[in-house]
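Architecture and fold: a report
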Amino acid sequence: MSIKSRSLFKSYGDLVAVNGIDLDIGSGKIFGFLGPNGAGKSTTIKLLTTLVPPSRGSIEILGIDAIKNPLDVRKRIGVVLQQPSYEPNLSVEKSLEKYGMMWDVDKKTRKQRTDELIDVFDLGEIRKKKNEDLSIGQRRRVQVAREFMHEMDLLFMDEPTVGLDPSARRNLLDYLKDKAKAGLTIFYTTHVLTEAEYLCDEIAVINKGKILAVDTPDQLKSTFGQEKTIKIHLANKYDDLIGLLLGISGCRIEFDTGTNIIIQSSKAEIVLSQVLSILIENNILIEDLSAMPTTLEEIFLRMVKDTNAPNN
Amino acid sequence: MHPTIRLVNRNLTISLNPGFVVWQVMFPIVYIFVAGFAYTTLIDSVKLGDVSLDYPAFIASGMIGFNIMNSTLVSGIIIWNDRRHGMFEQILVGPFKRSHYILSNVYTIAIVGLISATLITSIGFPLFFKSTHFNLLTIPFLIFASVVGSILFGSIASIISTRLRSSEGFNVIINTVFLFFAFVSTAFYPAQGTPEPLATGFYLNPLTYLVDIIRAGIFGTFNEFVMLEMIVLVSVAATLFVIAIKLLTKLDL
Ligand SMILES: Nc1ncnc2c1ncn2[C@@H]1O[C@H](COP(=O)(O)OP(=O)(O)OP(=O)(O)O)[C@@H](O)[C@H]1O
Ligand SMILES: [Mg+2]
């Protein structure tokens, strides 16, 4: 196990940022941590990386008790925090080099890695530029590249692709995949679903400090993906329609503007035929009707919506 | 290499930029030579104990103290920048303890303070060499002054940098504080002859004690009063140092 936590809690005053999280993450995996703003992703990373102590609970990182021996943990992990960090008056190449020095990497390796990372992260044009003169996305690229100056067994990344352009983003994801193949374990937070789907072996969805589901992207889809989304677009508003639709068993109305209605159901075929007969019986004119598999994005949005509901 | 040494290396790299060096070297040189000679017509000689100094020698020796104080700005700037640019967190999530970070700043201040004092001593030497009463105490006094002085003023700069949140505040506040220290002290002009309240103000100011000790070392004017000043300086430095360490230890992430 690379990461193991039990009943992890962190509160700030009255606010519970992390509310009982259990994790078991194996080695060589890319683990996606997915959740909306304020879900508790960054707080979880800060707990796991020993930056802040938990209010309660246990953490074991690479087999080391992270609460008792935080320094031993930190020596073996890499961390790209969500917050930018840079040395304003050092050039890109100098800041990589110095970061390697801070990690006690020998001079020769430092030089070699600096050149290598400048190449991989496409920093050649800005290598002599000072960090304070870089654009936000360039600075983020330097921050991410810098973390690979040292050896590590486990890497934490908190939304590393924010601010990166599509090609830099793809470039980073592919680099991470290669690293994982070579044995690096990566804990990766994001709220971009397609990214998690592309990159991760396993995904946890978190909201309000609690994990809602953990599974492989495929398994998440098939668990929830029996479901189909039916979209109805009406020519005119028909007031009694919602009442009639609610009569169909297994039919859940997700969205309704009167003329645009979205239904989700795991018995889509049966529901669809009943919807059709209601529409025909009542002479309701439709502009468009479609049924398609629910995407991971919709699953995610619904999970979050369900936990945000007032009765939760 | 020890983690603290690695951090000192990094601290020196980021703070010894051209701007800082120019400020550290050029300003004192210009001041010593321009003001030093311009004012000789106004201030004929300064009495220091039994010794009588010409003004250039007086100001060059005062400048050593001023420069030690000024150089400790680096510690404040390092902490302030590290918080503002995320490096504080990044270091603490790396292979370091908070105590490594704090110690590295202390060492950085002491090193920069020592270098600064040496630099100004060599630049000012031609001006005060004829009055110099080189003795057994000279070098130890200069080292004592550099180390205690830099810890004292470094602690002040650190305390300010941990207390502030807004982005523009640090430079304004630190410069105001240090300007006050510089001009309400005996670094640039003697206490004798100044109005009573100002002369009292001089002795509420650690920089006055610092330059008195430096001058005692260079011109051989050591006496019981200087001894007392050394005790006061060490006590104030120790107190401020403890406060600075406490604040840094508790600094929120
Ligand atoms: N230092 C702090 N003091 C008080 N509250 C905090 C602190 N840090 C985080 N919180 C609160 O804890 C909750 C979780 O924050 P966290 O930063 O972990 O969210 P997140 O999932 O990373 O969100 P985002 O996607 O916006 O980065 C939020 O409600 C936040 O306001
Ligand atoms: Mg976050």
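Right, let's walk through the structure included here. Remember, predicted model here, so these are calculated numbers, not experimental data.

Rules used in this analysis
Residues numbered from 1 in each chain as written. Chains lettered and ligands numbered in written order. Predicted model: local features only at pLDDT ≥ 70, side-chain atom pairs only at ≥ 80, totals over all residues. Heavy atoms only, no water. Helix = DSSP H or I, 4+ residues; strand = E, 2+ residues; numbered from the N terminus. Buried < 20%, exposed > 50% of the residue type's maximum accessible area, 1.4 Å probe, protein only. Contact = heavy atoms within 4.5 Å. Areas by Shrake-Rupley, 256 points an atom, 1.4 Å probe, with all protein chains shown as cover. Lys, Arg positive; Asp, Glu negative; His and termini not counted. Charge placed at Lys NZ, Arg CZ, Asp CG, Glu CD. Near = heavy atom within 4 Å. Polar contact = N/O pair within 3.5 Å; in protein donor to acceptor, adjacent residues only side chain to side chain. Nonpolar A, V, L, I, M, F, W, Y, C, P; charged D, E, K, R; others polar. Buried area = accessible area lost by both parts, 1.4 Å probe. Salt bridge = Lys/Arg side-chain N within 4 Å of Asp/Glu carboxyl O. Phe/Tyr/Trp six-rings, centres within 6.5 Å; stacked < 30°, edge-to-face > 60°.

This part covers the overall build of chain A. Summing up its helical and strand segments, chain A has 11 helices and 14 strands in all. Each principal axis of the C-alpha atoms in chain A carries an extent, and together these give about 80 × 45 × 35 Å. A buried classification covers 49% of the 312 residues belonging to chain A. Here the analysis covers contacts within chain A between residues at least 6 apart in sequence; of these, 69% occur between residues at least 24 apart. Carbon together with sulfur atoms contributes 49% to the accessible area of chain A, which is approximately 14700 Å² in total. For chain A, the centre of its 41 positive side-chain charges and the centre of its 44 negative side-chain charges are spaced 7 Å apart.

Residues and elements named next belong to chain B. Structurally, Ser 158 is set in helix α7 (residues 138–163). What makes Ser 158 buried here is its relative accessible area of 6%. Aside from chain neighbours lying at most four places away, what touches Ser 158 is Ser 75, Gly 76, Ile 79 and Ala 244.

A word on the site of ligand 1. Residues and elements named next belong to chain A. Around ligand 1, the structure places 14 residues, and the nearest of them are Gly 38, Lys 41, Ser 42, Thr 43 and Gln 82. One nitrogen or oxygen atom from the main chain of Ala 39 is found 3.1 Å from an oxygen atom belonging to ligand 1. Within the side chain of Gln 82, a nitrogen or oxygen atom sits 2.9 Å from an oxygen atom of ligand 1. Starting from 640 Å² of accessible surface for ligand 1 in isolation, the protein chains cover 65%. Looking at the shell around ligand 1, the elements with two or more residues in it are β2 (15–25) and α1 (41–48). Broken down by element, the shell around ligand 1 gets its largest block of residues, three residues, from α1. In terms of residue class, the shell around ligand 1 is made up of five nonpolar, seven polar and two charged.

Counting residues at the interface gives 26 residues for chain A, matched by 22 residues for chain B. Of the roughly 2300 Å² buried where chain A meets chain B, counting both sides, 61% is carbon and sulfur surface. On the chain A side of the contact with chain B, A:Leu51, A:Arg74 and A:Met102 bury the most area, a combined 25% of that side's loss. Taken together, the links from chain A to chain B amount to two salt bridges.

One pass over the structure, following the stated rule, counts 20 aromatic pairs over all chains. Where A:Phe121 meets A:Phe148, the ring centres are 6.1 Å apart and the plane angle is 25°; that geometry is what we call stacked. Taken together, the residues span a long stretch of sequence, with A:Phe121 in the loop between α4 (107–120) and α5 (136–146) and A:Phe148 in the loop between α5 and β7 (154–158) at a distance of 27 residues. The buried category is assigned to A:Phe121, whose relative accessible area is 5%. With centroids separated by 5.4 Å and ring planes inclined at 75°, the aromatic side chains of B:Phe153 and B:Phe181 adopt a geometry described as edge-to-face. Here B:Phe181 lies in helix α8 (residues 169–183) and B:Phe153 lies in helix α7, a separation of 28 residues in the sequence.

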